[in-house]
Amino acid sequence: MMTLVLTLSIGLFVLSILFRIGGIYINTTPSLPVGLYRVIDKPVTKGTYVAFCPPQRDVFDWAVARGYIHPGNCPGGYGQLLKRVHAVAGDTVLIDQSGISVNGELLPNSTPIHTDAYGAALPQYRLNAVLDESEFLLLSDLNPHSFDARYFGVIERAQMVHVVRPVFTLNLQKECLP
């Protein structure tokens, strides 16, 4: 039995490396549909999915320590995150206690929550600005519990690693939400 578990673990590890070399991301978080995403050669635009390295900020150190994001190979020891682009240069973004509005329209599932499932306080990011050429608003419109722009704000273009597109996904959001 132990040999089977070890063989399966090694096989999954090797498969994940082969996927990454082949430009495939495996998303297992409920922030986006669970499944496989392929790297594509497209510009970062509103509505696209992106893989990004979080910038070295206290909020991301805290997120790794709390287990909201995994450690990884990005600067600061963070793992890459996958999110959807909801605002780009020229868009007016308001992040407040009621949620995130882009150009006056409140985005679904964007109301910040004040504590996590364990009762720990979450950061409450606030912004009222027009995004410049290098700024992007990234969040999950599927999961109201996602660690996203509600808690860390906008992300610079320099943090983007790839634009990705779903190849095969499962809609598990209903099962993942409380």
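Below or above, wherever it landed, is the structure these notes cover.

About the criteria used
- Residues numbered from 1 in each chain as written.
- Predicted model: local features only at pLDDT ≥ 70, side-chain atom pairs only at ≥ 80, totals over all residues.
- Heavy atoms only, no water.
- Pairing = 2+ DSSP bridges.
- Helix = DSSP H or I, 4+ residues; strand = E, 2+ residues; numbered from the N terminus.
- Contact = heavy atoms within 4.5 Å.
- Phe/Tyr/Trp six-rings, centres within 6.5 Å; stacked < 30°, edge-to-face > 60°.
- Buried < 20%, exposed > 50% of the residue type's maximum accessible area, 1.4 Å probe, protein only.
- Patch = residues over 30% accessible without salt bridge, like charges linked within 9 Å, V, L, I, M, F, W, Y side chains within 5 Å.
- Areas by Shrake-Rupley, 256 points an atom, 1.4 Å probe, with all protein chains shown as cover.
- Salt bridge = Lys/Arg side-chain N within 4 Å of Asp/Glu carboxyl O.
- Core = buried A, V, L, I, M, F, W, Y, C linked by side-chain atoms within 4.5 Å.

What links the strands of a sheet is backbone hydrogen bonding, and the strands pair in either a parallel or an antiparallel sense. Here we have four strands laid out as an open sheet, ordered β7-β6-β5-β8, and antiparallel in their pairing. Only two strands of the sheet have a single partner each, and these edge strands are β7 (105–106) and β8 (127–130). With two bridges joining them, strand β6 (residues 99–102) and β7 adopt antiparallel strand pairing. Bridge pairing links Ser 101 to Leu 106 in β7.

This next bit is on the environment of Leu 106. One can find Leu 106 in strand β7. Distance in space between the C-alpha atoms of Leu 106 and Ile 95 is 9.6 Å, their sequence separation being 11 residues. Residues contacting Leu 106, with those up to four places away along its chain left out, are Ser 98, Gly 99, Ile 100 and Ser 101.

The subject of this paragraph is the packing of aromatic side chains. If you walk through the whole model with that rule in mind, you get nine aromatic pairs. When the ring of Phe 60 is compared with that of Phe 147, the centres are 6.1 Å apart and the planes differ by 90°; the resulting orientation is edge-to-face. Of this pair, Phe 60 sits in helix α2 (residues 58–66) while Phe 147 sits in the loop between β9 (135–139) and α3 (149–152); the two residues are 87 residues apart in sequence, bridging distant segments of the chain. Owing to a relative accessible area of 0%, Phe 60 belongs among the buried residues under this scheme. The interplanar angle of 65° and the centroid separation of 5.1 Å between the aromatic rings of Trp 62 and Tyr 68 together place this pair among those described as edge-to-face. The class of Tyr 68 is partly exposed, set by a relative accessible area of 26%.

Once that is clear, we can look at a nonpolar patch on the surface. On the surface, Val 167, Phe 168 and Leu 170 cluster together into a nonpolar patch covering about 280 Å² of accessible area. With respect to the helices and strands, Leu 170 occurs in strand β11 (residues 160–170). Judged by relative accessible area, Leu 170 falls into the partly exposed class, the value being 39%.

Another point: the nonpolar core. Of all hydrophobic cores here, the largest spans 22 residues; its most connected members are Phe 60, Leu 138, Phe 147 and Met 160. Elements represented by at least two residues in this core include exactly β3 (49–52), α2, β4 (81–87), β9, α3 and β11. Broken down by element, this core gets its largest block of residues, three residues, from α2. Ranked by size, the runner-up nonpolar core spans 12 residues in total, among them Val 93, Ile 100, Val 102 and Ala 149.

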